[in-house]
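Okay, here's what each chain looks like letter by letter:
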Amino acid sequence: MAHCPERALPGNTLHEIVHNDRIIGATSPEAAQRAAKLYSVFAKGTIHRTNLVTAECVKLMENTFRDVNIALANEFSLIADKFGFSISAAIQLANRHPRVNILQPGIGVGGHCIAIDPWFLTEDVDGDLTLIRTARELNDAMPRYTAERIQNKIAPSVRKIGILGVSYKPDVDDARESPALEIARLLSRKYEVRCHDPFVKDRDLKLFPIDKVDGWADVLVILSNHKVYASQRFESPLLSFGKLIDAGAPRWLRAPGLADTDYFPAESRHADHGQYPAAKDVQESS
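A brief structural summary. Because the structure is a prediction, the values reported are computed rather than measured.

About the cut-offs
- Residues numbered from 1 in each chain as written.
- Predicted model: local features only at pLDDT ≥ 70, side-chain atom pairs only at ≥ 80, totals over all residues.
- Heavy atoms only, no water.
- Helix = DSSP H or I, 4+ residues; strand = E, 2+ residues; numbered from the N terminus.
- Polar contact = N/O pair within 3.5 Å; in protein donor to acceptor, adjacent residues only side chain to side chain.
- Salt bridge = Lys/Arg side-chain N within 4 Å of Asp/Glu carboxyl O.
- Buried < 20%, exposed > 50% of the residue type's maximum accessible area, 1.4 Å probe, protein only.
- Pairing = 2+ DSSP bridges.
- Phe/Tyr/Trp six-rings, centres within 6.5 Å; stacked < 30°, edge-to-face > 60°.
- Lys NZ or Arg CZ within 6 Å of the ring centre and 35° of its normal.

## Here's the deal with the side chain of D246
Part 1: Residue position: D246 is located in the segment after α9 (241-245).
Part 2: Engagement of the side chain of D246 in a polar contact is seen with the backbone nitrogen of I87, the distance being 3.0 Å.
Part 3: Separated by 2.2 Å, the side chains of D246 and S88 make a polar contact.

## Quick look at the environment of E56
Part 1: As for its position among the elements, E56 is in helix α3 (residues 52-83).
Part 2: Each C-alpha atom of the pair E56 and I23 lies 9.0 Å from the other, and the pair is 33 residues apart in sequence.

## Observations concerning the pattern of salt bridges
Part 1: Enumeration over the complete set of coordinates arrives at 7 salt bridges.
Part 2: Linking E6 and K59 is a salt bridge whose minimum nitrogen-to-oxygen distance equals 3.2 Å. Of the two residues, E6 is situated in the loop between β1 (2-3) and α1 (13-19) and K59 in helix α3; the sequence distance between them amounts to 53 residues.
Part 3: On the accessibility criterion, K59 (11% relative accessible area) is buried.
Part 4: Between D81 and R149 there is a salt bridge, and its shortest N-O distance comes to 2.7 Å. Taken together, the residues span a long stretch of sequence, with D81 in helix α3 and R149 in helix α6 (residues 131-153) at a distance of 68 residues.
Part 5: Exposure remark for D81: the relative accessible area of 32% places this residue in the partly exposed category.
Part 6: Each of the salt bridges in this network shares a partner with another, and the network as a whole consists of D67, R136 and D140.

## What to know about the sheet that holds strand β4 (residues 160-164)
Part 1: Across the sheet, which stays open at both edges, the 4 strands sit in the order β5-β4-β6-β7 with parallel pairing between neighbours. Both outer strands of the open sheet, β5 (192-196) and β7 (238-239), are each paired with one neighbouring strand and no more.
Part 2: Relative to strand β6 (residues 219-222), β4 runs parallel, the two sharing 4 bridges. The residue bridging I163 from the neighbouring strand is V221, located in β6.

## As for the packing of aromatic side chains
Part 1: What the rule picks out here adds up to 2 aromatic pairs.
Part 2: Ring geometry for Y39 against F42: centres 5.3 Å apart, planes inclined by 50°, an arrangement best described as tilted.
Part 3: On the numbers, 6.4 Å between centres and 55° between planes, the contact of Y229 with F234 is tilted. You'll find Y229 and F234 in the same group, each marked buried.
Part 4: When the ring centre of Y145 is taken as origin, the NZ or CZ atom of R144, which lies over that ring, is 4.7 Å away.
Part 5: Lying across the ring of F208, R194 places its NZ or CZ 4.8 Å from the centre.

## Comments concerning unusual backbone geometry
For residues that are not glycine, phi is negative in most cases, and the peptide bond is trans in most cases.
Part 1: Notably, D171 is not glycine yet its phi reads approximately 65°, a positive angle.
Part 2: A positive phi angle, close to 60°, is found at E177, a residue other than glycine.
Part 3: With respect to the helices and strands, E177 occurs in the loop between β4 and α7 (179-187).

Here is the structure:
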């Protein structure tokens, strides 16, 4: 018996099946060799052999690593909300450290791997091992935090909200475990909500054509940052994904014409400080 845990990014699956390293788990060296021979027909990445348990745990650890790091970014963003600073700008600057690579925060974690695999590692683990579980619970709570963010950023007069994008990540048609679906459900308790997605089909949540959402809604909110939305002009006011995630700097820190990261005039900086890039829209990296 042998198996090979998949490593495939939606939207780039065929390339990754061929080029990624593969882990073969097997019950014996002979089974591992036969499975590796099969994969070597099309796989160009290195093929590594191990036992069944290790191979499966490697897969679970990979997705858990990503989930924990996403949770860290999301918690940083909640802290930024409290202190009123630009989380995207802060992450850009922190990542200039040669050994720091903070991910971008988002609205939660979806899909059939990252949102689920950590539970397989922790469900039978008791005692003081709580980091993975805590990270998973924080990411599960992000739809609630996001719904609260939306309500805090829109006008009190808003009654109808149009949600743009319900897939669990941009530019895919997969809405499994998507946090956008939970956000829509939470908002529907107080507002009329219509959702649009150019890729997702056949979900329990009713989806509307864009012309039945834009113009109808008092405000549009991008939850899955599909590229098609960036090139589209909307009639309704728009809360972009970046503005939704980013608290921004306090108004008293900003001078007219300065970017979020650029709180001080250029002449007050030393030349060797380099350039301070403006904060860009945050995109979900799950």
